[in-house]
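Architecture at a glance
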Amino acid sequence: MDSTGTESSAGAGSEKDRAAVNLTKATPAPVPAPTTVEAPDIQSHDTFVIKKTLSLTAGEYVVSVARPDGSEGEPVAYAREKRLSLRGQVTVYTDASRKSVLAAFKGRDHEVGYMYDVRDASGQSFGSFHEDAGASFLRRTWQVRQPGTMKLTGREHSRVVAFVRFVWEFVPYLEYVPFIWPYRFKYTESGKTLMTVTKKLGLHTRYVLEILAPDIDRRLAIAHTLALDALEVD
């Protein structure tokens, strides 16, 4: 092969190499697929601490897993109740950014008064609760339903504290002051205690939720505990 043919082949090879390099430069690097934020594994925990802080326009709730000493551990849920909005609707989120919904409840008219349906992020109902108006005259009583699993009756444990709370609401201006004395609700089925909610003593609103039955949906229990505060305390 003469020198002209050799130069032609070499030139063709160089052009292919340059084209391959240019193609490599023009192809963008692969973008990592977006990751979804998974809901915290709350079903494996039995005790939670719920703290509430107040601002001029809203109440902020933080739900944490309780440590063995009773202090707050890992936060697993957040909620914000607008004080100037209509009552009876609260959304619970998995993180402080409030982008991922853990559960939500909203009141609706029902033959028993107001029924609160608890739904997941897709809008599917997985439980409900309502106040038993007849039994709540002097001692607050709630009915909590988890379809296909259990029906809980929650009642204030102390008759004395229940009576003081009842009177508190009718004293002028005290209805705007949080009830600082501790009280406790016990939730039973067939006489067996399966869940408790205890409001701790102090100027700051703080509850301890203890679940004694593994089948109780923690989302439902947390939503109802928030309702005890959001629906009863201004």
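Residues numbered from 1 in each chain as written. Predicted model: local features only at pLDDT ≥ 70, side-chain atom pairs only at ≥ 80, totals over all residues. Heavy atoms only, no water.

1. Brief notes about the nonpolar core
Quick reminder of the rule: The criterion is simple. A nonpolar core is a set of buried Ala, Val, Leu, Ile, Met, Phe, Trp, Tyr and Cys residues joined through side-chain atoms within 4.5 Å. Categorising residues by exposure relies on relative accessible area from a 1.4 Å probe, with only protein chains included: less than 20% of the type maximum marks a residue as buried, more than 50% marks it as exposed, and the intermediate range marks it as partly exposed. The numbering of helices and of strands both runs from the N terminus, where a helix is a DSSP run of H or I of at least 4 residues and a strand a run of E of at least 2.
Core analysis: the biggest nonpolar cluster contains 42 residues, and F48, F129, L209 and I216 have the highest contact counts within it. At 8 residues, the largest contribution of residues to this core is made by helix 3 (residues 218-230).

2. A short note on the pattern of salt bridges
The following threshold applies: A side-chain nitrogen of Lys or Arg and a carboxyl oxygen of Asp or Glu constitute a salt bridge if their distance falls within 4 Å.
Using the criterion set out here, one finds 9 salt bridges in the structure. Where K51 meets E72, a salt bridge forms, and the shortest distance between an N and an O atom there is 3.9 Å. A residue pair is termed long-range when its members are at least 10 positions apart, and K51 in strand 1 (residues 47-54) and E72 in strand 3 (residues 72-82) qualify at 21 residues. Using a relative accessible area of 34% as the deciding quantity, one classes K51 as partly exposed. By relative accessible area, E72 is classed as partly exposed at 30%. Put simply, E72 and R206 hold a salt bridge, and the shortest N to O gap is 3.4 Å. Of this pair, E72 sits in strand 3 while R206 sits in strand 12 (residues 205-211), placing them 134 residues apart in sequence.

3. A word on the pairing of strand 1
Keep this limit in mind: Any two strands with at least two DSSP bridges between them are considered paired.
Examined bridge by bridge, strand 1 and strand 12 share 6 bridges and lie antiparallel to one another. When the sheet's bridge partners are listed, V49 is paired in strand 12 with V208. Pairing between strand 1 and strand 2 (residues 58-66): 7 bridges, direction antiparallel. By the bridge assignment, L54 is partnered in strand 2 with G59.

4. Things to note about the confidence of the model for the protein chain
Cut-off, in case you're wondering: Confidence of the prediction at every residue is given by pLDDT, a number between 0 and 100. Should any heavy atoms of two residues lie within 4.5 Å, those residues are counted as being in contact.
In this model, the protein chain carries a mean pLDDT of 79, and residues with pLDDT of at least 70 account for 71%. Note that pLDDT drops below 50 for residues 1-12; the model gives that stretch 1 contact with residues more than four away or on any other chain. Counting contacts from residues 19-38, a segment whose pLDDT is below 50, to residues more than four positions away or on other chains yields 2 contacts.

5. Overview of unusual backbone geometry
Despite not being glycine, R98 has its phi angle at roughly 55 degrees, a positive value. Summarising the element assignment, R98 is placed in the loop between strand 4 (89-93) and strand 5 (101-110).

6. A short note on the environment of V118
Take V118: it is sitting in strand 6 (residues 113-119). Here the alpha-carbon distance between V118 and A223, two residues 105 residues apart in the chain, equals 7.4 Å. For V118, the residues in contact, after removing those within four places along its chain, are A103, A104, F105, Q124, S125, F126, G127, S128, F129, L220 and A223.

7. A look at the packing of aromatic side chains
Quick note on the threshold: A pair of Phe, Tyr and Trp rings is counted when the ring centres sit within 6.5 Å of each other, with Trp represented by its six-membered ring. The angle between the planes then sorts it: under 30 degrees is stacked, over 60 is edge-to-face, the rest tilted. We call a charge positioned over a ring when the NZ of a Lys or the CZ of an Arg lies within 6 Å of the ring centre and within 35 degrees of the ring normal.
Summed over all chains, the structure comprises 7 aromatic pairs. Geometrically, the ring pair formed by Y183 and F185 is edge-to-face, given 6.1 Å between the ring centres and 75 degrees between the ring planes. For the pair Y183 and F185, a shared accessibility class is recorded, and that class is buried. Positioned above the aromatic ring of F126 is the side chain of R219, whose terminal nitrogen or guanidinium carbon lies 3.9 Å from the ring centre.

8. A word on the side chain of S128
Examined against the element boundaries, S128 turns out to sit in strand 7 (residues 125-131). Every residue in contact with S128, bar those within four places of it in the chain, is listed here: M115, Y116, D117, V118, Q143, V144, R145 and L220.

9. Digging into the sheet that holds strand 12
Working definition: the strands of a sheet are paired by backbone hydrogen bonds and lie parallel or antiparallel to each other. Put simply, the rule is: The convention used is that axes are lines fitted to C-alpha atoms, helices contributing only their stretch in contact, and that angles between N-to-C directions extend from 0 to 180 degrees.
Reading around the barrel, the 12 strands line up as 1-2-3-4-5-6-7-8-9-10-11-12 and close back on themselves, with antiparallel pairing between neighbours. For this sheet, the mean inter-axis angle between neighbouring strands, taken without regard to orientation, is 20 degrees.

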